[in-house]
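Breakdown of the fold
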Amino acid sequence: MADEPNPDDLEIADELIAERRSEAPGETPEDMTSWQRPITAAIDVINYRAGQIIALLLVPLIAVVVFEVISRNAFSILQNAGFEDLARSLNLGPTLWVYDTSRMIAGVLFMAAAGYGLMRGVHIRADFLYRFWSEKTQATVDATLYLLLFIPSMIFFTIVSAEFWWLAFSRGETMQIDSAWGPLLWPARLAMPVGAFLLTLQGIPEIFRAFHKMGKARERLFVKVLPVYLVALLWLVLAVFTPDLVPGGEWFTDVMKAKPSLDKPTIGLIMLGAMLFVIFIGFPIAFTLIFLAFVFGIWGSNFKLTTLLMTLNTNSTMLNDQLMAVPLFVLMGIVMEAAGLMERLFASIQMIMARVRGALFIAVLIVSTIFAAATGIVGASVTLLGIMAGATMSRSGYNVKLAAGTITAGGTLGILIPPSIMLIVMGPVLEVSTLDLFRGAFIPGALLATLYLVYTLGRCWINPSLGPILSEEDQPDTSKFYGAEVALICLGVLTVCRIFGLGIGGAFGGLMPFGGLVVLLATMAFAYAAYRNVGILRVAVPVAVLFHLYMIVANMSEGGLPVWSIIFGAFIVLLAYLGRPIYNSEYAKDFYFSDLWNEFFAGLMPPTILISFALGSILLGFATPAEAAAMGAFGSILLSIGYRKFNIPSFFDSLVKALEITVLIMFLVAASNFFGAEFSALGTPKMMTEMLLGLDMSPYLILLLVMALIFLLGWPLEWVPIVLIVVPILLPTVEALSVHGLERYDLMVWFGILVAVNLQTAWLSPPVALSAYFLKGVVPDWDLKDIYLGMMQFMLVQLVGLSLIFIFPQLVLWLPKVMGG
């Protein structure tokens, strides 16, 4: 039997990084050509050290945003309590400098570390065809495309961005359009030429590595051509930027200015076909987009407009305040995973549900939902759930197909449940608020999790052998009144959650400064005392029931009595009734809360409170996604310290991992924005929209075709290129549709969630579904065929959920309208 995987070896971004390099920086193969080895090692080390230094910028990024949140909210609380003079004397309140400073730091993070990302092999490629080639063929294609595409486009990028920086430096340009502080722009813009230069430099080792892999015979051919290539490259660069200094420069300038014989939309179609061809060959997508945008932009428009679009789109990506949340939420998830909180949570829920059929299915789905809210990344969830649950499910006699389907389906919730990284990236693409996408995703995420749970437990109820009760050796020691334990714990948790919700809503703000926090802490202290002492528990139960009934009556006086309030009140009374053994003196002496509850609260409460604060503050509009992400990252660090899992080397490693994912996503965002701007300037999206709308088809059918295309592309491609490349191409068509009578903004929010659920479905669709390979990697005893069959069951469940969202758009739009007023 294969060794069980170690959770400490988990790479949280494995689904995004297909070619992560395993060798140490500066390490080169001994049989690499001798003159290439020192060059490769030196450039690798330069970018490695640069990446390490840049990763440390995450710390001041968190610090300045946390300072802003605390300062602003402390001022508001003290002001409401009548202590405004005290707040002003402490210099509390909103700041002008944090917003711009944090944006500039976040922009420097991904741009300056682009070369580090290439050195570590984190730039994503669609290797649908690439993976089937021999190593020599792969290396030959890589070397050719690096020489023809990467090096020229990155040199252009470096020179143009250096000119863009010099313009800001020499003129003393400041942020003016969206800034009240107006800081100088050149310090942040310096990251563009520096990052572009380091990225260009890193291309040299990548070419040398390709030479080494292709074999000596092919390498000699490439080396012979190199002098000619370098001369041609030098001439090209000089002809573009200083045409007067080289022979043929003016001719080349005239060629670039010449009007194309084809119309612009047709050039855009050729551009689209070239993009698909090169991407499916397997070259890193970001570099492909930059090169093609340069070539086709110059062909269809002119060099000046093309370079202007490149610099403006890169600069806007760097300073985008919504995308600033990406590195912070990623770091939050990585630190929480490193602290081992999810393993404790899974083990405790498994013990609590030990006497229920399908207990492990329930545990997997609960943990996957919480972990999805912590990370927003699919591969981490699937891998970690496989490590935690796979062996136990096999030992307990669980059906492999249903077990595999539950793990993979639960893991895919990370793509949808806020704070989903994909939704953060999608917001600027759709030109809608990330906050509204988060709110819109909340009910669909809960709906899908519920459908999964109903399906698994229903199957276990029909066929108990699919998820048998855990064996005696796996069941915990409990009191004779375990049912009463569960009921009273549920009552306590619901009460604390309601107090927490009222506090977040400001219900206790008038009592005293930080009234919500004080009441919450007092409630938790009282609950803990009741947990430890049956006498106090006898008092706490009726107090909790009366509190809930009072809140129901208070809500009834404001706006009637909804059915759900009646159901909730009846449920509270039922829980108290099930806990009645504590009032029987004969039974009470044998009643106690089992030790498993200690583990449950140790695993559940900290991450749940952290996620609730981060997510709740976003959904209720108290903090921007970036602010909530910074608070979440800060809270995860405090949790790691509290669990004694924090140490400097581990934290630094978390910073570096977060930087790698940030570079992967954000550099591709910048590249796709440049590509999309050129594609739109050519007018091709407008032409495609007119063609589709000219067909005699229902707008619903057109939207179904769009969703089918996205679903099919979800097989070979990751969500990143689909959201950043495919969706912008299809967006004009969707905007022109009249569906459900929705206005443009509501249509985009609904469409965004449809895309997210659709891509989630594609994650479960064999044969390309990556979730299967993640799970197979950590549970090698499970046959890949069984994993596929299990995933297909949940793909059908997922399609039911997608159909409900398609038919009833209010499942998405109701919460944004209610919470947005």
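A brief structural summary. (Residues numbered from 1 in each chain as written. Predicted model: local features only at pLDDT ≥ 70, side-chain atom pairs only at ≥ 80, totals over all residues. Heavy atoms only, no water.)

Details of the packing of helix α12 (residues 285–300) against helix α28 (residues 648–681)
Close contact between α12 and α28 brings their axes to 8 Å; oriented N to C, the two are set at 25 degrees. The pairing of α12 with α28 is recorded here as roughly parallel in orientation. Relative to α28, α12 is oriented so that their crossing is left-handed. On α28, the residues that touch Ile285, Ala286, Phe287, Leu289, Ile290, Leu292, Ala293, Phe294 and Gly297 of α12 are Phe667, Leu668, Ala671, Ser672, Phe674, Phe675 and Glu678. Classifying every residue of the contact of α12 with α28 by side-chain character gives 13 nonpolar, two polar and one charged. (Axes fitted to C-alpha atoms, helices over the stretch in contact; angles between N-to-C directions. Helix = DSSP H or I, 4+ residues; strand = E, 2+ residues; numbered from the N terminus. Parallel < 35°, antiparallel > 145°, perpendicular 65-115°, else oblique. Left-handed = near helix turned anticlockwise from the far one by under 90°. Contact = heavy atoms within 4.5 Å. Nonpolar A, V, L, I, M, F, W, Y, C, P; charged D, E, K, R; others polar.)

As for the state of the cysteines
Applying the stated rule across the entire model yields zero disulfides. Considering cysteine sulfurs only, Cys497 is the nearest to Cys490, which forms no disulfide, with 11 Å between them. For Cys490, a relative accessible area of 31% puts it in the partly exposed group. (Disulfide = S-S within 2.5 Å. Buried < 20%, exposed > 50% of the residue type's maximum accessible area, 1.4 Å probe, protein only.)

Structural notes on helix α9 (residues 216–241)
Every α-helical turn comprises 3.6 residues, leaving residues that sit three or four positions apart pointing alike. The end-to-end C-alpha distance of α9, which contains 26 residues, comes to 36 Å, matching closely the 38 Å that a straight helix rising 1.5 Å per residue would cover. A maximum bend of about 40 degrees is found in α9 at Leu226, where proline Pro227 lies one to four positions downstream. For α9, the set of buried residues is Glu219, Phe222, Leu226, Tyr229, Leu233, Val237, Ala239 and Val240. (Expected span 1.5 Å × (residues − 1). Bend = angle between axes of the 7 residues up to and from the residue.)

Considering the packing of aromatic side chains
The tally for this structure, following the rule as stated, stands at 28 aromatic pairs. Between the aromatic rings of Tyr146 and Phe283, the centroid separation amounts to 5.0 Å while the plane-to-plane angle is 75 degrees, which identifies the pairing as edge-to-face. With Tyr146 in helix α6 (residues 135–171) and Phe283 in the loop between α11 (264–281) and α12, this pair connects stretches of sequence that are 137 residues apart. Summarising the burial analysis for this pair, Tyr146 and Phe283 share the class buried. Among the aromatic residues, those joined into a cluster by ring pairs are Tyr146, Phe150, Phe283, Phe287 and Phe667. Directly above the aromatic system of Tyr577 lies the positively charged group of Arg580, at a separation of 4.2 Å from the ring centroid. (Phe/Tyr/Trp six-rings, centres within 6.5 Å; stacked < 30°, edge-to-face > 60°. Lys NZ or Arg CZ within 6 Å of the ring centre and 35° of its normal.)

Some words on unusual backbone geometry
One non-glycine residue, Asn91, lies in positive phi territory at about 60 degrees. Secondary-structure assignment places Asn91 in the loop between α3 (84–89) and α4 (97–112). Overall, the relative accessible area of 65% leaves Asn91 in the exposed class. The phi dihedral of Arg644 is positive, around 60 degrees, even though this residue is not glycine. Here Arg644 lies in the loop between α27 (625–642) and α28. On the basis of relative accessibility, which here comes to 79%, the residue Arg644 falls in the exposed class.

A few points about the pattern of salt bridges
Enumeration according to the criterion identifies 15 salt bridges in this entry. Residue Glu68 pairs with Arg72 through a salt bridge whose shortest N-O separation is 3.3 Å. One end of the pair, Glu68, and the other, Arg72, are both in helix α2 (residues 58–80), four residues apart, so they sit about a helical turn from each other. Judged by relative accessible area, Glu68 falls into the buried class, the value being 8%. With a closest N to O distance of 3.2 Å, Arg189 and Glu173 form a salt bridge. On the criterion of sequence distance, the pair formed by Arg189 in helix α7 (residues 186–189) and Glu173 in the loop between α6 and α7 is long-range, its members being 16 residues apart. Overall, the relative accessible area of 22% leaves Glu173 in the partly exposed class. Put simply, Asp44, Glu206 and Arg209 are held in one network by salt bridges that share partners. (Salt bridge = Lys/Arg side-chain N within 4 Å of Asp/Glu carboxyl O.)

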